[in-house]
Amino acid sequence: MMEHVATDPNTASPAGNGKPRRARRTRMTGAERRQQLLEIGRTLFAAKGFEGTSVEEIAAKAGVSKPVVYEHFGGKEGLYAVVVDREMRQLLDMVTGSLTAGHPRELCEQAAFALLDYIEEYTDGFRILVRDSPIPQSTGSFASLISDIATQVEDILGREFKNRGFDPKLAPLYAQALVGMVALTGQWWLDARKPEKAEVAAHLVNLAWHGLDGMEANPQLIGRRKN
């Protein structure tokens, strides 16, 4: 005895021949497809790195053919460069936008929190940024991003140095040192996630602030080497 299978009227053909018709697929706009590819690429680059990710895998995840990826980005390198550029701008905007306080110590706290917030909220993006970029024509690197952030801090330190009688020309050196310290600690915290974010920020500022607070105007080396 043959089993009767009910036909869904929504999928039956108009001719009534019982053959199911293909479900309609909503076609993405060019902007929507580009955004989809960026999100897929971002996830894959964070998990596998640039070398471990292929155009074939990106296309398969998006449900498109390889030429679609080339059409939007010119290839894997172009997609990677756009992903990196977007993450760099996001982090830089978060750090510079956080510097609103008047007291220098609170500014240090705000900068530390901004980086830790980014790591917490944009974990995939940070994983991509801290990898060495294999793209020579890439729009930037993590090192250049740190320099951009340090430039923001440099102005704050320069004013503070001048008020305390220190040479403001040394502000760039100290800005790089402070931002680098926070960035490297952030890389460690990316996987450790302990202590809690607020505690990490407090300890970073503790080292930075008390180091600056007790800083000598003309530090001298105590070892034998002098040059």
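Right above here is the structure, for reference.
Once a new chain begins, its residue numbering starts again from 1 and follows that chain's sequence as written. Where local features are concerned, this predicted model is filtered to residues with pLDDT of at least 70; where side-chain atom pairs are given and counted, the filter is 80 or more; whole-chain, interface and lining totals use all residues. For the side-chain quantities, the full set of heavy atoms in the structure was used; hydrogens and water were omitted.

Considering the packing of aromatic side chains
Aromatic contacts are taken between Phe, Tyr and Trp rings whose centres are within 6.5 Å, Trp giving its six-membered ring; a plane angle under 30 degrees counts as stacked, one over 60 as edge-to-face, and the others as tilted. One pass over the structure, following the stated rule, counts seven aromatic pairs. Summarising the aromatic geometry, the rings of Phe-45 and Tyr-80 are spaced 5.0 Å apart at their centres and angled 85° between planes, so their arrangement reads as edge-to-face. One end of the pair, Phe-45, is in helix α1 (residues 30-48); the other, Tyr-80, is in helix α4 (residues 76-98), with 35 residues separating them in the sequence. We note that Phe-45, like Tyr-80, is buried. Both rings, one in Tyr-118 and one in Tyr-122, keep their centres 5.3 Å apart while their planes meet at 20°; by these two values the pair is stacked. Through successive ring pairs, a cluster of aromatic residues spans Phe-45, Phe-50 and Tyr-80. Of note, Lys-76 hangs over the ring of Phe-50, and the distance from its end group to the ring centre comes to 4.2 Å. Any Lys NZ or Arg CZ that is within 6 Å of a ring centre and within 35 degrees of that ring's normal is treated as a charge sitting over the ring. The cationic tip of Arg-193 hangs over the ring face of Trp-189; the distance from NZ or CZ to the ring centre is 5.1 Å. The helix count covers DSSP runs of H or I at least four residues long, the strand count covers runs of E at least two residues long, and both are numbered beginning at the N terminus. Only protein chains enter the area calculation, which uses a 1.4 Å probe; residues under 20% of their type maximum are buried, those over 50% are exposed, and those in between are partly exposed.

So, the nonpolar core
Note that soluble globular proteins tend to have their nonpolar side chains buried in a common cluster. Only buried residues count toward a nonpolar core. Its members are Ala, Val, Leu, Ile, Met, Phe, Trp, Tyr and Cys residues joined through side-chain atoms within 4.5 Å. Residues Ile-58, Leu-91, Leu-129, Phe-142 and Leu-157 are the most contacted members of the largest nonpolar core, which totals 57 residues. Contacts: residue pairs with any heavy atoms within 4.5 Å of one another. With near-sequence residues (within four places) excluded, Phe-142 lies in contact with Leu-91, Phe-126, Leu-129, Val-130, Ala-183 and Gln-187. With five residues, the next largest nonpolar core counts Leu-99, Ala-101, Leu-107 and Ala-111 among its residues.

Details of α4
Between the first and last C-alpha of α4 there are 33 Å, a value that for 23 residues agrees with the 33 Å anticipated at 1.5 Å per step. Of the residues making up α4, those classed as buried are Lys-76, Leu-79, Tyr-80, Ala-81, Val-83, Val-84, Glu-87, Met-88, Leu-91, Met-94, Val-95 and Ser-98. Take the number of residues in a helix, subtract one, and multiply by 1.5 Å to get its expected span.

Some thoughts on the packing of helix α7 (residues 142-164) against helix α9 (residues 197-213)
When two helices pack together, their arrangement is given by the angle between their axes and by how far apart the axes lie. Two elements in contact, α7 and α9, have axes separated by 12 Å at closest approach and are oriented at 30°. It follows from the interaxial angle that α7 and α9 lie roughly parallel. Where α7 approaches α9, its residues Leu-157, Phe-161 and Arg-164 are matched on the opposing element by Trp-209, Leu-212 and Asp-213. Grouping the constituent residues of the contact of α7 with α9 by class yields four nonpolar, no polar and two charged. Only the stretch in contact is used when a helix axis is fitted, and all axes are lines through C-alpha atoms; the angle between N-to-C directions ranges over 0 to 180 degrees. An angle below 35 degrees is treated as roughly parallel, one above 145 as roughly antiparallel, one from 65 to 115 as roughly perpendicular, and anything else as oblique. Note on residue categories: nonpolar means Ala, Val, Leu, Ile, Met, Phe, Trp, Tyr, Cys or Pro, charged means Asp, Glu, Lys or Arg, and polar means any other residue, Gly included.

Things to note about the environment of Val-182
For Val-182, the location among the structural elements is in helix α8 (residues 171-192). Given the relative accessible area of 15%, Val-182 is considered buried. Remark: the alpha-carbon pair of Val-182 and Leu-204, spanning 22 residues in sequence, is separated by 6.8 Å. With residues near it in sequence (within four places) discarded, Val-182 still touches Ala-112, Leu-115 and Leu-204.

Digging into helix α5 (residues 104-121)
The end-to-end C-alpha distance of α5 is 26 Å, a good match for the 26 Å that 18 residues give at a rise of 1.5 Å each. Among all positions in α5, only Pro-104, Leu-107, Gln-110, Ala-111, Ala-112, Ala-114, Leu-115, Leu-116, Tyr-118 and Ile-119 are buried. Against α4, α6 (123-130), α7, α8 and α9 lie the buried residues of α5.

Some thoughts on unusual backbone geometry
Pro-195 follows Lys-194 through a cis peptide bond whose omega is -5°. With respect to the helices and strands, the residue Pro-195 is situated in the loop between α8 and α9. For Arg-193, which is not a glycine, the phi torsion comes out positive at approximately 55°. Relative to the elements of secondary structure, Arg-193 occurs in the loop between α8 and α9. Exposure remark for Arg-193: the relative accessible area of 30% places this residue in the partly exposed category.

Describing the packing of helix α2 (residues 55-62) against helix α3 (residues 66-73)
Contact geometry for α2 and α3: axes closest at 8 Å, N-to-C directions at 100°. As far as their axial angle goes, α3 and α2 are roughly perpendicular. On α3, the residues that touch Val-55, Glu-56, Ile-58 and Ala-59 of α2 are Lys-66, Val-69 and Tyr-70.

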